[in-house]
Amino acid sequence: MDHFLYRDGALFAEDVPMSEIAAAVGTPFYVYSTATLLRHYHLFDDALSGMDHLVCYAMKAASNQAILRTLGDAGAGMDVVSAGEYLRARAAGVPGERIVFSGVGKTAAEIRLALEGGIRQFNVESEPELELLSAVAHSLGKTAPITVRVNPDVDAKTHAKIATGKSENKFGIPIARARQVYAMAARLPGIEVVGIDVHIGSQLTDLAPFELAYTKVADLTAILRADGHDIRRLDLGGGLGIPYVRDNSAPPLPSDYGALIRRTVGHLGCEIEIEPGRLIAGNAGMMVSSVIYLKSGEGRDFLILDAAMNDLIRPAMYDAHHDIVPLIEPPAGAVQATYDIVGPVCESGDTFARQRPMPALAAGDLVAFRSAGAYGAVMSSEYNTRPLIPEVLVKGDQFAVIRPRPTFDEMINRDTIPEWL
Ligand SMILES: *Cc1c(COP(=O)(O)O)cnc(C)c1O
């Protein structure tokens, strides 16, 4: 459930008509709902109630500081994957002891930054990373709390680009080699083993792969404890999917996911961390765009929007579906049309939807892309020298621009011309 609903024929974000935001900031733009973000965070937090736990929002899904502050103030931790994300989370007011650091390519500089600034744990993904972490921590006279990310070789049954838990993926250490790597960690100076980490992929719409992976983690916990390691924390990753198509095939609920966690690892007495990104931010954000032209092609009609693949790359990158709805609710019995919905970028991949049935639209009409809050604004670029589009946060009847649209001068003046020219 989200807080983007039609009221008296107009689409609202909470108590704000979306057309009012469009008039104030111009299109295209992203808009997020505070109530939806918090609702999703609390669904996870409640699902783990009674267990010692921390919900670490995977901020790569949507990393505007206003979003981080909203979630951080509610008690969320953060899962970061770069120095930039670490600094952004800290700037938003999230303390280091609530930040976990994931990713296969942490550099010495990133490790140092997190160790000096304070960090809950590093989720280590390889032996060379473990060695570097030990060397940096030792040189600073610090101890790095770690989990090792294990790769359980489980098929997440999701899009190939976002599956991460199969042995052919670059992520984690093969679970069969885990004992060796934990033994190595125990020997290295500056390293303190605190637990195990696993993350098998994103947009999972079935709980079975989680069940397989977490059962393997439970077995591994027993083995590592027998080896003498103090496994007291399990980071179970993110990945729970969201409904992109509004039909009856709803993905599992956070409460079902929480029950699964209790069933598979609840008996181990570990502190539980989870790292949801998409489920918290996805349906809490929309992208709003205007129709520039309605163009008739051979046997098909193109709706040309002012938003493009550089603003929302998910359809081009992951063949993703986004529901696209008019800001003015079409009356019952309104004329239907079928469109190819495209942006102005000079690539055929700049297509949001092909042969999409929807109410007939005209130039100047506004549309909203549903479920665009996660992996939307964060993946945008200035391709075709198109300015990054603004982000807006709504709370009740208030809204605020949380990232302004840059001017063309700001964009162009970032280039510097060498002296010799
Ligand atoms: C991307 C990622 C997540 C978040 O995944 P979602 O599908 O957005 O919930 C969590 N943990 C790690 C390590 C990730 O790479």
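The structure contained in this document is the topic of the report that follows.

Here is what the cut-offs are and how they apply
- Residues numbered from 1 in each chain as written.
- Predicted model: local features only at pLDDT ≥ 70, side-chain atom pairs only at ≥ 80, totals over all residues.
- Heavy atoms only, no water.
- Helix = DSSP H or I, 4+ residues; strand = E, 2+ residues; numbered from the N terminus.
- Contact = heavy atoms within 4.5 Å.
- Phe/Tyr/Trp six-rings, centres within 6.5 Å; stacked < 30°, edge-to-face > 60°.
- Buried < 20%, exposed > 50% of the residue type's maximum accessible area, 1.4 Å probe, protein only.
- Lys NZ or Arg CZ within 6 Å of the ring centre and 35° of its normal.
- Core = buried A, V, L, I, M, F, W, Y, C linked by side-chain atoms within 4.5 Å.
- Domains from an automatic or database assignment.
- Pairing = 2+ DSSP bridges.
- Near = heavy atom within 4 Å.
- Areas by Shrake-Rupley, 256 points an atom, 1.4 Å probe, with all protein chains shown as cover.
- 1 Å grid on protein atoms, 1.4 Å probe; cavity = no way out; pocket = protein on both sides within 12 Å on 5 of 7 lines; lining within 4 Å.
- Sits in = over half its atoms within 2 Å of the grid points.
- Nonpolar A, V, L, I, M, F, W, Y, C, P; charged D, E, K, R; others polar.
- Points joined across faces, edges and corners; volume = space filled by probe spheres on them.

**Examining the side chain of His229**
Move 1: By secondary structure assignment, the location of His229 is in the loop between helix 8 (208–226) and strand 12 (233–235).
Move 2: Setting aside residues up to four positions removed in sequence, His229 forms contacts with Tyr182, Ala183, Ala186 and Leu224.

**As for the packing of aromatic side chains**
Move 1: Inspection of the entire model under this criterion finds seven aromatic pairs.
Move 2: Summarising the aromatic geometry, the rings of Phe44 and Tyr257 are spaced 6.2 Å apart at their centres and angled 90° between planes, so their arrangement reads as edge-to-face. Linking Phe44 in helix 2 (residues 34–47) with Tyr257 in helix 9 (residues 254–265), this pair joins segments that are 213 residues apart in sequence.
Move 3: Given a relative accessible area of 1%, Phe44 falls into the buried group.
Move 4: One aromatic cluster is present, built from ring pairs that chain together Phe44, Phe210, Tyr214 and Tyr257.
Move 5: Seen from the ring of Phe12, Arg7 lies directly overhead, with NZ or CZ sitting 4.6 Å from the centre.

**Description of the nonpolar core**
Move 1: Of all hydrophobic cores here, the largest spans 102 residues; its most connected members are Tyr57, Phe122, Ile146 and Tyr257.
Move 2: In terms of residue count, the dominant contributor to this core is helix 8 (seven residues).
Move 3: When residues are assigned to domains, this core turns out to be shared by domain 1 (4–31 + 283–412) and domain 2 (34–281), each giving three or more.
Move 4: Leave out the neighbours within four places in its chain, and Phe122 touches Phe101, Lys106, Ile111, Ala114, Leu115, Leu133, Ala144, Pro145, Ile146 and Thr147.
Move 5: Counting residues in each nonpolar core, the second largest holds 17 residues, with Phe4, Met18, Val31 and Met286 among its members.

**With respect to the pairing of strand 19 (residues 366–369)**
Move 1: In the sheet, strand 14 (residues 285–296) pairs with strand 19 via four bridges, with the strands oriented antiparallel. Looking at strand 19, one finds that Ser290 is bridged to Leu366.
Move 2: In this structure, strand 16 (residues 324–326) lies alongside strand 19, joined through three bridges in antiparallel fashion. Opposite Pro326, over in strand 19, you have Val367 as the bridge partner.

**Brief notes about the site of the ligand**
Move 1: Not every one of the 15 residues close to the ligand is listed here, only the nearest: Lys60, Ser202, Glu275, Arg278 and Tyr375.
Move 2: For the ligand, whose unbound accessible area comes to 390 Å², protein coverage reaches 93%.
Move 3: Put simply, the ligand lies in the largest pocket.
Move 4: Residue composition of the shell around the ligand, by class: three nonpolar, seven polar and five charged.

**Notes on the layout of surface pockets**
Move 1: Roughly 580 Å³ of volume is contained in the largest pocket.
Move 2: Forming the walls of the largest pocket are 29 residues, and the residues nearest its centre are Lys60, Thr164, Phe171, His199 and Tyr375.
Move 3: Within the lining of the largest pocket, the residues separate by chemical class into eleven nonpolar, nine polar and nine charged.
Move 4: Each of domain 1 (4–31 + 283–412) and domain 2 (34–281) contributes no fewer than three residues to the lining of the largest pocket.
Move 5: Estimates place the volume of the second largest pocket at around 380 Å³.
Move 6: Contributing to the lining of the second largest pocket are 19 residues, with Met1, Arg39, Pro243, Leu253 and Asn283 lying nearest its centre.

**Focus on unusual backbone geometry**
Move 1: With an omega dihedral of -10°, the bond running from Thr27 to Pro28 counts as a cis peptide bond.
Move 2: Positive phi is not limited to glycine here, since Tyr375 has a value of about 55°.
Move 3: Note on placement: Tyr375 falls in the loop between strand 19 and strand 20 (391–395).
Move 4: Tyr375 sits in the buried class, given a relative accessible area of 11%.

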